[in-house]
Amino acid sequence: MLQGMLILLVLSAITIPTHGGPEENEGVKYADRCEACKILATELQGRLTETGRSHDVIELGYSVDDVKPKKRTEYRRSELRLLESMENVCERILQYNIHKERKDSTRFAKGMSQTFQTLHGLVDKGVKVDLGIPYELWDKPSAEITQMKTQCETLIEGYEDVIEKWYFEKQDQKPLIEYLCVDHVLKNKNHECLYEKLGDTKNNEKEANAKEEL
């Protein structure tokens, strides 16, 4: 009886898709422009932080007779670093999951959601849980995540020159998320989602305690 109540409680956080009807009726809520820009800026800034640790010096240019010296530049200030950082950056979004227990932009986050952690825990205990989809598909990227990857690629294509200008001229003045999202992608539009973060320590402890009780 208790297990049945727990399953119902957990499933209340999940809407099983039905055929037909708008996306909201199917339990799908795609990222808006603010959320997509926030994740892109976060991931690209993270990738740049990773590649920026290198102190390598690279040589640029080409000389037929090898007499004319090639231009030497620091890798962390080079165009090559930017190109390598931007390459496949949208693929990193596939590491995200939907955390439907949250209602703001923090619903997009890496790691397994609290809901699915509970569901996997029930399955491990031998409880039969039917979500209407095969168990092996539980952890596959959701429609929202695959759509956000597409949104990311569209933003990269449309604002590549903006990102380049920030990289070469503005990165010492303001963070990428501010220059790209506030000043350009969301200019004169609502950008509150950029400042949404996971709850404070007390709220996180409450979530952890609730999970342990389940």
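Before reading further, recall that the structure is shown in the block above.
Residues numbered from 1 in each chain as written. Predicted model: local features only at pLDDT ≥ 70, side-chain atom pairs only at ≥ 80, totals over all residues. Heavy atoms only, no water.

**Brief notes about the overall build of the chain**
Here is step 1: A count of helical and extended segments in the chain gives eight helices and four strands.
Here is step 2: When the helices and strands of the chain are placed in sequence order, the string is α-α-β-β-α-β-β-α-α-α-α-α.
Here is step 3: Partitioning the contacts of the chain with sequence separation of at least 6, the portion at a separation of at least 24 is 62%.
Here is step 4: When the accessible area of the chain is evaluated, it comes to approximately 13700 Å², of which 50% is carbon and sulfur surface. (Helix = DSSP H or I, 4+ residues; strand = E, 2+ residues; numbered from the N terminus. Contact = heavy atoms within 4.5 Å. Areas by Shrake-Rupley, 256 points an atom, 1.4 Å probe, with all protein chains shown as cover.)

**Description of the pattern of salt bridges**
Here is step 1: Evaluation of the coordinates by the stated rule reveals 10 salt bridges.
Here is step 2: Between K174 and D183 there is a salt bridge, with its nearest N and O atoms 2.8 Å apart.
Here is step 3: A relative accessible area of 24% places K174 in the partly exposed class. (Salt bridge = Lys/Arg side-chain N within 4 Å of Asp/Glu carboxyl O. Buried < 20%, exposed > 50% of the residue type's maximum accessible area, 1.4 Å probe, protein only.)

**A few points about the state of the cysteines**
Here is step 1: Applying the stated criterion across every chain, the model contains three disulfides.
Here is step 2: Put simply, C37 and C181 are joined by a disulfide, and their sulfur atoms are 2.1 Å apart. Between C37 and C181, the disulfide has an S-S torsion of -100 degrees and is therefore left-handed. Residue C37 is located in helix 2 (residues 33–51), and its partner C181 is located in helix 7 (residues 176–185); the two are separated by 144 residues in the primary sequence.
Here is step 3: Put simply, C90 and C152 are joined by a disulfide, and their sulfur atoms are 2.1 Å apart. Given an S-S torsion of about -80 degrees, the disulfide between C90 and C152 has left-handed geometry. Of this pair, C90 sits in the loop between helix 3 (79–86) and strand 3 (96–98) while C152 sits in helix 5 (residues 143–158), and the two are 62 residues apart along the sequence. (Disulfide = S-S within 2.5 Å.)

**Side note on the side chain of R92**
Here is step 1: Tracing the backbone through its elements, the reader meets R92 in the loop between helix 3 and strand 3.
Here is step 2: In contact with R92, not counting residues within four places along its chain, are E43, G46, R47, E50 and K110.

**A closer look at the packing of helix 2 against helix 5**
Here is step 1: In contact at an axis separation of 9 Å, helix 2 and helix 5 are set at 75 degrees when each is read in the N-to-C sense. For the element pair helix 2 / helix 5, the angle class is roughly perpendicular. Contacts from R33, E35, A36, C37, I39 and L40 of helix 2 reach helix 5 at M148, Q151, C152, L155 and I156.
Here is step 2: Classifying every residue of the contact of helix 2 with helix 5 by side-chain character gives eight nonpolar, one polar and two charged. (Axes fitted to C-alpha atoms, helices over the stretch in contact; angles between N-to-C directions. Parallel < 35°, antiparallel > 145°, perpendicular 65-115°, else oblique. Nonpolar A, V, L, I, M, F, W, Y, C, P; charged D, E, K, R; others polar.)

**Considering helix 3**
Here is step 1: Within helix 3, burial applies to R81, L82, S85 and M86. The arc that holds the buried residues of helix 3, viewed along the axis, is 125 degrees, so those residues lie on one side.
Here is step 2: Looking one or two residues beyond helix 3, the residue adopting positive phi is N88, at roughly 60 degrees. (Arc of directions from axis to C-beta.)

**Some words on helix 2**
Here is step 1: For helix 2, built from 19 residues, the straight-helix expectation of 27 Å at 1.5 Å per residue is met to within 8% by its first-to-last C-alpha distance of 27 Å.
Here is step 2: Taken together, the buried positions of helix 2 are occupied by C34, E35, A36, C37, K38, I39, L40, A41, E43, L44, L48 and T51.
Here is step 3: Its buried side turned inward, helix 2 meets helix 3, strand 3, strand 4 (108–110), helix 5, helix 6 (160–170) and helix 7.
Here is step 4: The N-terminus of helix 2 is capped by D32, whose side-chain oxygen sits 3.1 Å from the backbone nitrogen of C34. (Expected span 1.5 Å × (residues − 1). Polar contact = N/O pair within 3.5 Å; in protein donor to acceptor, adjacent residues only side chain to side chain.)

**Some points on unusual backbone geometry**
Residues other than glycine predominantly adopt negative phi, and peptide bonds predominantly adopt the trans conformation.
Here is step 1: Not every positive phi belongs to a glycine, and N88 is a case in point at roughly 60 degrees.
Here is step 2: Within the element layout of this structure, N88 appears in the loop between helix 3 and strand 3.
Here is step 3: The phi dihedral of N188 is positive, around 65 degrees, even though this residue is not glycine.
Here is step 4: Relative to the assigned elements, N188 resides in the loop between helix 7 and helix 8 (201–213).
Here is step 5: The class of N188 is exposed, set by a relative accessible area of 79%.

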